[in-house]
Amino acid sequence: MLRLPRFSYLRPASLAEAVAMLADHGGQARVIAGGTDLLPKMKRRQLQPAVLVGIGHLDALRHLETTASGAVEIGASATLTSVLKDSGLARHQPGYAQAAGVVSTPALRNTGTAGGNLCIDTRCNYYDMSEEWRIASGSCLKTGGEQCQMASSSPRCWAISSSDTAPIAVALGATAVVVGPEGERDVPIASLFRDDGNAHLALGPDEILTRLRLPAPDGSRSSYVKLRRRSSMDFPLAGAAVALKMDRGVVEGCRLVLGAVASQPVELGDLVHGLVGQRLDEEAIEEVANAASRLAKPLDNADLSYVWRKRMVKEIVAQAFRQAATSQAAAVP
Ligand SMILES: Cc1cc2nc3c(=O)[nH]c(=O)nc-3n(C[C@H](O)[C@H](O)[C@H](O)COP(=O)(O)OP(=O)(O)OC[C@H]3O[C@@H](n4cnc5c(N)ncnc54)[C@H](O)[C@@H]3O)c2cc1C
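Residues numbered from 1 in each chain as written. Predicted model: local features only at pLDDT ≥ 70, side-chain atom pairs only at ≥ 80, totals over all residues. Heavy atoms only, no water.

S.K.: For this particular structure, what's the right way to read the packing of aromatic side chains?
M.R.: Aromatic ring pairs are defined here through the distance separating the ring centres and the angle between the ring planes. Summed over all chains, the structure comprises 1 aromatic pair. Each ring, one from Tyr126 and one from Trp133, has its centre 5.1 Å from the other, and the planes form 70°; the classification is edge-to-face. In this structure, Arg156 packs its charged tip against the face of Trp158, placed 3.7 Å from the ring centre. (Phe/Tyr/Trp six-rings, centres within 6.5 Å; stacked < 30°, edge-to-face > 60°. Lys NZ or Arg CZ within 6 Å of the ring centre and 35° of its normal.)

S.K.: Honestly, the packing of helix H11 (residues 282-295) against helix H12 (residues 306-326) in this entry has me stumped. Any pointers?
M.R.: Working note: a packed helix pair is described by the angle between its axes plus the distance between those axes. The interhelical angle for the contact between H11 and H12, taken along N-to-C directions, is 145°, at an axis separation of 8 Å. Regarding H11 and H12, the two cross each other, and that crossing is right-handed. Here Glu282, Ile285, Glu286, Val288, Ala289, Asn290, Ala292, Ser293, Arg294 and Leu295 of H11 lie close against H12, whose contacting residues are Lys310, Arg311, Val313, Lys314, Val317, Ala318, Phe321 and Arg322. Partitioned by chemical class, the residues of the contact of H11 with H12 number 9 nonpolar, 2 polar and 7 charged. (Axes fitted to C-alpha atoms, helices over the stretch in contact; angles between N-to-C directions. Helix = DSSP H or I, 4+ residues; strand = E, 2+ residues; numbered from the N terminus. Left-handed = near helix turned anticlockwise from the far one by under 90°. Contact = heavy atoms within 4.5 Å. Nonpolar A, V, L, I, M, F, W, Y, C, P; charged D, E, K, R; others polar.)

S.K.: Hey, could you run me through the pattern of salt bridges in this one?
M.R.: Side chains that carry opposite charge are capable of pairing whenever their charged atoms lie near each other. Going through the model one piece at a time under the given rule, you end up with 20 salt bridges. The residue Arg229 makes a salt bridge to Asp303 at a minimum N-O spacing of 2.7 Å. Placement of Arg229 in the loop between strand E9 (221-227) and strand E10 (238-247) and of Asp303 in the loop between H11 and H12 is noted, with a sequence separation of 74 residues between them. Judged by its relative accessible area of 49%, Arg229 is partly exposed. Note on Asp303: relative accessible area 28%, which makes it partly exposed. A salt bridge links Arg322 to Glu282, with the nearest nitrogen and oxygen atoms 2.8 Å apart. (Salt bridge = Lys/Arg side-chain N within 4 Å of Asp/Glu carboxyl O. Buried < 20%, exposed > 50% of the residue type's maximum accessible area, 1.4 Å probe, protein only.)

So, to be careful, I would describe these as geometric facts and stop short of saying anything about function.
Next up, the structure:
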């Protein structure tokens, strides 16, 4: 049985106190929300914070609010199950609801949170091995070593962004609200993610993601399609998120974001720009899906062959476009 390392648990009474606790402990403390990603990582000694600051109980972080126009604000500690039960979110932001609904399993979604999902650690076949295996094989960049064990000549860490909700949040143009000792700041969600598997979040050690704002869809539709080994439970091997605005079959605006093919969600902006003004028929969908697959560079450090995952990008992108194109844009009163 894997046991947790020793740590102190702090239970702040407010968000301000949580920030102060993080600041007091420098880089030694880490936020814990549902703990469904962090605690397994601690058991495998991938992460060993001396102090955990709990935020899952703070009411200020658990709200979920949909406006009449369909804009949604999701508190970072809202559980994925509560997100899924929200009828306003399902109606106006179906792509986000689809992504939240395929994260891990129902039991983990009852505990895992929306904010925790955006902030989960990156993954890699090497880094995710047991501690004994890693000790026997040598450290990697992510565990304090001096070289990437998957690409030994590379100066950087290639661990993969594996959040299901991150790609759709980027496609929807969401904003993350972050609070730290200097106060609150709004971060366009795409800027929260960095192309570095070892330092993938643009968050200071004493900063907390407090909420996610999804803008009103303004007539656009969204969808998320995930590739995984088992449909009952598994991290994404690739994900395709689409936000699409159409008028009588013609594309007015579009965003396509791939997940789990790099250390951050990858937006294919130039590719879909060419769709604007075009009729979105099956031929156009095939063309864009083929091009997305050519551009995708899944890494050779995840489950199954990266060649197959690259090929499958075409299938999930096509599915995501078909779903978005055939779904109804929610009416706004
Ligand atoms: C078996 C298994 C299968 C899984 N499958 C999937 C999957 O398919 N897709 C997927 O996306 N995830 C998956 N996960 C990971 C995880 O369950 C979910 O991503 C979950 O939403 C994480 O939320 P949490 O609240 O439990 O995060 P935690 O474990 O509490 O935190 C995760 C990380 O985020 C940081 N953090 C949490 N909240 C905040 C905040 N508000 N501000 C700043 N930092 C914060 C923590 O410090 C930690 O580093 C799986 C996990 C397991 C164990």
